[in-house]
Structures are given as structure tokens and as C-alpha cells.
There are 2 protein chains.
Amino acid sequence: MTIKVFGHMAPDTDSTGSPIIWAWYLSQIKGTPAAPVLLGEPNTEAAFVLDRWKLDKPAIVDGVEPGAPVVIVDTNNPAELPAGINDADILEIIDHHKLVGGLETKGPINITVRPVACTATILHDLMGADAAKMPEAIKGAMLSCILSDTLEFRSPTTTAADRTLAETLATDLGVDLSAYASEMFAAKSDVSAFSDAELIRMDSKKFDVGGKTFRVSVLETTAPEIPLGRKASLMETMKTVCTEDGADEVLLFVVDILREEATLLVPNDVVKTVAEKSFGATVAGDHVVLPGIMSRKKQIIPALTL
Amino acid sequence: MTIKVFGHMAPDTDSTGSPIIWAWYLSQIKGTPAAPVLLGEPNTEAAFVLDRWKLDKPAIVDGVEPGAPVVIVDTNNPAELPAGINDADILEIIDHHKLVGGLETKGPINITVRPVACTATILHDLMGADAAKMPEAIKGAMLSCILSDTLEFRSPTTTAADRTLAETLATDLGVDLSAYASEMFAAKSDVSAFSDAELIRMDSKKFDVGGKTFRVSVLETTAPEIPLGRKASLMETMKTVCTEDGADEVLLFVVDILREEATLLVPNDVVKTVAEKSFGATVAGDHVVLPGIMSRKKQIIPALTL
């Protein structure tokens, strides 16, 4: 039975590329039938990466069958996985997020979580000497995952392991790292085709803070004027999103990759309080600029206070 | 602040030795202050191992303080750890059991779970080339952990990695592997000093099966006549243990290491049904011999049916 390898439900570059990389390793190197699948439509950057490296777009599935053999990469959070995930036969978990609890396995399996910026960096490490056998497209996917998750090494989640590996891969592939990263970020910034609700949910995770549930959404972009130009309608749409998704507030951070700052939309007094208490900011109008804030995992979530 | 390294609450050889090994690695090789601690009195085999390799007995602690830096080895089960474990600062988890869910970390950390027989085997792998720097006592602890968890390679949990490492360590230490394993098992079998309740709880884990809670206890021994000679009073004591520990039944398996079989005590019809349904056994009296059954993890738990 072919093993399905997948990441989380809102596939960004790491959650699209890492399943492709690991399924290649399992099937081509370990001789274990495996295929990457996606739990949703890849974002515009991930779609660009598939196209650039001529990688087949993995099939999109909306669930897993009980007993089906699966490998989970880039998350350990049941909320970001299909409802019946614990009924599947989870064979391996490879991730770089904090342990949230909730996933269960039938027996002892391989679990590897490392505090690096990118799942693909862990995959490279796990491959050992076999990494040298990666074809160009797989190396390209790996490079893309690292550039995406580190925002070209600007994110404070970046480790020496991520950076060294990406630089080695770029040299090896004959790719101008900065030029390629700019192309990727331009693809990610091309969000004009999305509705307000789609933008809010595109890269979003729910967290409980002080008894309230926040949908913490991040839009990483080199063209902040696109989402910020739609500020008013985005804030109006937050109400609907909250009702539909069972959240109290949406915190939408527009991360300007090049200026290395985030703009948080402030639709009401609750979010104003959160912004002031969490980031020591002074909020005057309907948004606030937070210099240096790039990472939800490392800077936003640990700071959130109500 | 010194990192506390510990295993589960009923310290056997692996849960005593692995904290010692990893605290040595952290403090002596990585330069990070770390100390092994125990969450209970080590069993007789673990006490023998400490004595044999002249290792200091780690301090026994009964809890962890909020925010205290800790490394957890040989379990990922909150039920086998102090109540406030998720309030501690969990820095790393290294284990070889199935993921049960429930542990949470504040940020991304190192988590390594591998389906091998023994935590110490994983520790050796994680050390890489630094393993060569282990002093004799640490090597002795590592050898002991593997011999204990594999029952000298008789347990079906044994992998080639466990076996090869133990054989290499024994050669390196100039230890006769089989003779040393026999000494360890003799120490483990010397349980005459313990009360019935202590015997039942010595190596025991709670599992829910078909709506009932079972305390699944294992006594690995080369002298099964010691516990089996106390069959009647052990079965009487099971009632008290069930009441005190919130369990419905005790399943006590006396594992004969040398004959490679388990004897399950059958105090009542519920346990009789479990024995017959789970192991296809025919139960006539107050116990049943199960040939080949050695491992709770690999053979008992997966089979349990009500």
C-alpha cells in the first residue's frame, strides 16, 4: 500500500515541497512505495516552485482512510490535519514546530522534531549520505522550502544549518540565491486574485490566549500595499471569519519581507489591547507597524498577551 | 540553571541509566550543566547496575518546578511523569515508545523517537562521534540498558542496532555479555523483599481496553517461582491495588526470561476472558502460560481485547 506523505492543510512551500522530497527519498532510495499528497490548494509561492522545478503537483486529498499508512511532515498538530488522523497508520512524523499534543500512534515510530527553520533541513539531515543522490528538481524543492521558511535568512527562526544547506544547494544548482528568492517572494505576494476571507485563512493558525481564541494570520509579502490597500474590507470580513471558524478575533500580520517589519490590522479595542500588551506598541488608528517582527512561531505567539 | 534529565516514575535500568548517560553527554561534551534525577526508587536490577559501574545513585525527586529546564528520556506519557510536567521547560524528549499525546512544549525543541528496544541505543546514535569519548562507567550503563530492555536480545523489540551496539560495548569493556546479563537478571529476580502491592506496581502501566482500565504489570525474572509462589496473596492484593489506583483489573504477567514465556495470573472471569480473547489461550485454573510472550509493548498491549 502506497504511503501518503503530507504536510498541513494550508500548503505553503515547505508543506508542499517536503512531502515531495520525502516521498522521493522513501520510494527512490528506501524502495518503499510512497507518494506526496496535499491537504489543500498550494499557495501561489508553492505553485511557482512546482512550476519552476517541473515537479508534478501532488494530488489534493480531503481526508485519510482508517488504517492508511501515512507520513506527516511540517506539523504535529491534529487541528491542521484531517479529522481521522489518529485512525490512520502514522508511520513517521518529521516537524519543526512546538509539540502541541494530540497525535497518537499505534506503536513506536520514528519521530524527529528539530528547532530549525525548515522541515526540509531536517529531511536532508535524515537522508545522510543519500542526500547526494537527489536529482535537480528535489534539490530545487529543498532550496525553495528553506528560502521560503527563512524569508531568505531574514527570519529569526533561521539556524546555521538552514543557511549553510541552502547556500550549498544554490551553488550546486547554479542558482543565484537572492534572485531566485525574489522570484519566489514575488509569486507569494501575488495575492490580488484572493478574496478577503481567503487571504485571512491562507496562512493562519488558531491559538488560545487568556481564555480567547485568536486566529493568527500572517501574510508574508514583498508588496504589502496589495493587502494593506484592502484594509477596510479585510477588517470587515474578520467578523464573518470569526463566526464561521469559532474564533474570537483575527490578528492579521502583513509581514514586509524586505523592510523586515509587520503591520498588524487593528479592527477593535480587543486587538488594540493585544497589540499594546504583547508588543509594547502605541496604537493610534486601525493598524500598527511592528519593526523587526517576522516570525509567528518565534516572535508573535510567545509574545501574545491579553 | 542545571537541566534535570529523567525517565519515567518506576525507574528500571533504562530509565535510570539513560538519564545518567545523557546528563554526562550534556554536561561533559556539550558543556551544558545537567544532572540525572529519578522519579522513584530504582528497581533491584537498576540498583545492581549503579553499584557494578560505581555510578552515583541520582537524587530522587517527587516533582518538577514550573519553568524548570528538563530533558525527558524513555517516555512521552504524561501519566508516567510528574503532574506539572507541561509547566516545566521541556528542552528535549528522547524515547522509544508509541506517541500517546499529552506532552506540550513551549517552543520547537529536539524530539527523537525511534522504534528500537532501548533509549540508550538512540542516545548513542545522537552522540555521533562523541560516543567514543564515553568513560567506562557510561559505556557500562549503556550496555546494561540494552541488555535489560532486550532481555539479552530475547525480546521481539530487539533491533540490529540494539544488538550490534551492545556487543560492541561488551567487547570494548572486556565484559562477558551473557555472564553479565545473567548477573543483571538475577538482581532483577531478587524480589522477595517486596510486598505484593510493590510487586504489582513495580513495572506497570495503565491502559484502557474496551471501556475498562487495566493495570498491565510485568515481572521479568529468571526465578519465576518467587512471584508464582505468592500467587494467591498477589491475586488477593490486586483488589486493593485496583481500588487505590482507579483500575478495573490487574493483568500480572510473570515473564520467564530464560524459558521465553509469560505466566498470566487469572484471579476472575474478566481476566479469564481477556486471556482467552487476547492470546487464544485456554484457561483452566488461576493462571495460564503464554509461550513466547516477552514484550508488553510489542506483544501484550497490541493483543489486548475484552
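Owing to the predicted nature of the structure, the values given are computational and were not obtained by experimental measurement. (Residues numbered from 1 in each chain as written. Chains lettered and ligands numbered in written order. Predicted model: local features only at pLDDT ≥ 70, side-chain atom pairs only at ≥ 80, totals over all residues. Heavy atoms only, no water.)

Caption draft 1: Spotlight on the packing of helix H2 (residues 44-52) of chain B against helix H6 (residues 177-189) of chain B. Residues and elements named next belong to chain B. One way to put it is that H2 packs onto H6 with a least axis distance of 7 Å and a crossing angle of 130 degrees. When the axes of H2 and H6 are compared, the pair comes out oblique. For H2 against H6, the interelement crossing comes out right-handed. Contacts between H2 and H6 involve Thr44, Glu45, Phe48, Val49 and Arg52 from the first element and Tyr180, Glu183, Met184, Phe185, Ala187 and Lys188 from the second. When grouped by side-chain class, the residues that make up the contact of H2 with H6 number 6 nonpolar, 1 polar and 4 charged. (Axes fitted to C-alpha atoms, helices over the stretch in contact; angles between N-to-C directions. Helix = DSSP H or I, 4+ residues; strand = E, 2+ residues; numbered from the N terminus. Parallel < 35°, antiparallel > 145°, perpendicular 65-115°, else oblique. Left-handed = near helix turned anticlockwise from the far one by under 90°. Contact = heavy atoms within 4.5 Å. Nonpolar A, V, L, I, M, F, W, Y, C, P; charged D, E, K, R; others polar.)

Caption draft 2: Up close: the relation of the copies chain A and chain B. Superposing chain A onto chain B takes a rotation of 180 degrees plus a shift of 0.1 Å along the axis, which leaves an RMSD of 0.0 Å. Both chain copies can therefore be described as sitting about a two-fold axis. (Least-squares fit on C-alpha atoms with pLDDT ≥ 70 in both.)

Caption draft 3: View of the interface of chain A and chain B. Residue-level contacts link 23 residues of chain A with 23 residues of chain B. Taking both partners together, chain A and chain B bury about 1800 Å²; carbon and sulfur atoms supply 57% of that area. When the area that chain A buries against chain B is broken down by residue, the three leading residues are Leu99, Pro108 and Ile111 of chain A, summing to 34%. At the boundary of chain A and chain B, one finds 0 salt bridges. Between chain A and chain B we count 8 residue pairs in polar contact (both at pLDDT 80 or more) in total. Element by element, the count of residues in the side of chain A that touches chain B is highest for strand S6 (residues 110-113) of chain A, at 4 residues. Taken together, the residues of the side of chain A that touches chain B sort by class into 10 nonpolar, 8 polar and 5 charged. (Buried area = accessible area lost by both parts, 1.4 Å probe. Salt bridge = Lys/Arg side-chain N within 4 Å of Asp/Glu carboxyl O. Polar contact = N/O pair within 3.5 Å; in protein donor to acceptor, adjacent residues only side chain to side chain.)

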